Amino acid sequence: MSGLTGDWREAIDDADAALIDGYQSGFPVVERPFRRVGAEIGLEESAAVDRVRALREAGVVRRFGAVLNPPVIGSSTLAAVRAPDERFDEIAAIVNEYRQVNHNYARDHEWNMWFVVTAGSQAARDDILAEIEARIGCAVLNLPMLTDYYIDLEFPVVNADRFARESLEERTDSSATRISEAATGDLSALEAELLLEIQDGFPLSATPYRDIAAAVGYAVEDVLSALERLLENGCLKRIGCVINHVVTGFDANCMVVWDVPDDRLDEWGERAGGLPSVTLCYHRPRRPNQEWPYNLFTMIHGRDPAAVDEKIDELAADYLPVDHDRLYSTETLKQTGARYDDLVGV
């Protein structure tokens, strides 16, 4: 494919589109995965590898590999600070120094900087938060996930949708899943070493699993079996092409927070999380001592701000008739996969 200029879709062909929308998950866990992928979309093995590499270099594919699931592997939290305008860049630089900070966004709100911290344990996570708070001299809002209703940033992008999944109509499975802050993943030595090795992505070669096996010092058959187990037990969400949604036009992204009555939380969380337009839906704690009254979070990704606002209005009118606040992303300050320096069992 050629470099991205103008409309990014004009720079891709049908094979690229098949890779982008067809392999965000379900990438084969076999020794020669690109041979199978190529056969399915009409490419030679080497050409399939080259296409994914070109998409990554163009920025459409942010990373090729596994999407780790921090709440299952260890401990993760969403945090926020009120960064004074004159210190915003300084504070962002300090926060972004931490390898365990894998996402950081500026949002148009009093709490204007939002970042995710992942670590191998709750104690390690909280030590990082305390250190950040001490270094920046600003209070940190700590909002660990307590219930997952729906979390999945896999959606088709080779289209003209104004918001994520606009062209899809089916509801999603949004059953309440409780999240433990004390999770450790119950990992074997191989699984822990494997997760640390792949956290930055897979090698882009015809034999990525063999390359990973060589790096961790295990037989490729053992690595393939371990990856299958990690997918089955939820430590890995998916394996495939992780798409850069901003590059593909999904830059009107709004986190909406809701003050839902506690006795309606599961009912309304499952109802909202099942909507095709809602890409994330989860329960996090209120923090009344920090003037944070909200306990349900939803996310809508879109290309058209007006269409996103329309969907939020619909949510508020028909599904979540309670006080809410809209926090639009204004800048991506950092975006990587979940990062660990160590894991329980290593």
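Our structure's up above, just so we're on the same page.
This structure is a prediction, so every number in the text was calculated from the model and none was measured.

A. Spatial organisation of the overall build of the chain. The helix and strand tally for the chain stands at 11 helices and 12 strands. The principal-axis extent of the C-alpha atoms belonging to the chain is close to 55 × 45 × 40 Å. Relative to its 346 residues, the chain shows a buried fraction of 55%. Total accessible area on the chain stands at roughly 14200 Å², and carbon and sulfur atoms take up 46% of it. Measuring between centres, the 33 positive side-chain charges of the chain sit 1 Å from its 61 negative side-chain charges.

B. Structural context of unusual backbone geometry. In this model, R165 sits at a positive phi of 65°, which is unusual for a non-glycine residue. Its location among the elements puts R165 in the loop between β6 (147-151) and β7 (177-178). You will see that E291, though not glycine, has its phi angle at about 60°, which is positive. With respect to the helices and strands, E291 occurs in the loop between β10 (280-283) and β11 (296-300).

C. Spatial organisation of the state of the cysteines. For the structure on display, the rule yields zero disulfides. No disulfide involves C281; its sulfur sits 14 Å from the nearest other cysteine sulfur, which is in C254.

D. Representation of the environment of L143. Relative to the helices and strands, L143 resides in strand β5 (residues 140-143). Judged by relative accessible area, L143 falls into the buried class, the value being 0%. Counting along the chain gives 67 residues from L143 to R210, while the straight-line C-alpha distance between them is 39 Å. Discounting chain neighbours no more than four positions away, the residues touching L143 are T77, L78, W114, R284, P285, R287, W292 and F297.

E. Inspection of the pairing of strand β3 (residues 101-107) at higher detail. Buried residues dominate β3, accounting for seven of its seven residues. Two successive antiparallel strands, β3 and strand β4 (residues 113-119), enclose a turn made up of five residues. Summarising the sheet, β3 and strand β12 (residues 324-335) pair through five bridges and their orientation is antiparallel. Note on β12: the bridge partner recorded for Y105 is T332.

F. Local environment of the pattern of salt bridges. Using the criterion set out here, one finds 17 salt bridges in the structure. With its nearest N and O atoms 2.8 Å apart, the salt bridge here joins E45 to R32. Taken together, the residues E45 in helix α3 (residues 45-58) and R32 in the loop between α1 (14-22) and α2 (33-41) connect sequence positions 13 residues apart. What makes E45 buried here is its relative accessible area of 15%. For R32, a relative accessible area of 28% puts it in the partly exposed group. The salt bridge partner of R326 is D309, with a shortest N-O separation of 3.0 Å. Within this pair, whereas R326 is found in strand β12, its partner D309 is found in helix α11 (residues 305-318), the two being separated by 17 residues in sequence. By relative accessible area, D309 is classed as partly exposed at 27%. Three or more residues joined by partner-sharing salt bridges are found here, namely D13, D16 and R51.

Definitions and cut-offs
Numbering of residues starts from 1 in each chain and follows the order in which that chain's sequence is written. Whole-chain, interface and lining totals are the exception, using all residues; otherwise, since this is a predicted model, local features are given only for residues with pLDDT of at least 70 and side-chain atom pairs are given and counted only at 80 or more. Hydrogens are left out, water is left out, and the side-chain values use all remaining heavy atoms of the structure. Strands are runs of DSSP state E lasting at least two residues, helices are runs of H or I lasting at least four, and both sets are numbered from the N terminus onward. Only protein chains enter the accessibility calculation, which uses a 1.4 Å probe; a residue whose area is less than 20% of its type maximum is buried, one above 50% is exposed, and one in between is partly exposed. Calculation of accessible area relied on Shrake-Rupley with a 1.4 Å probe; when residues are assessed, cover is drawn exclusively from the protein chains displayed. When charges are counted, neither His nor the chain ends are considered; positive counts come from Lys and Arg and negative counts from Asp and Glu. Note that the charge is assigned to NZ on lysines, CZ on arginines, CG on aspartates and CD on glutamates. Note on disulfides: each one is a pair of cysteine sulfur atoms within 2.5 Å. Residue contacts follow a heavy-atom distance rule, with two residues in contact if any of their heavy atoms lie within 4.5 Å. For two strands to pair, DSSP has to find at least two bridges joining them. Here a salt bridge means any side-chain nitrogen of Lys or Arg lying within 4 Å of a carboxyl oxygen belonging to Asp or Glu.

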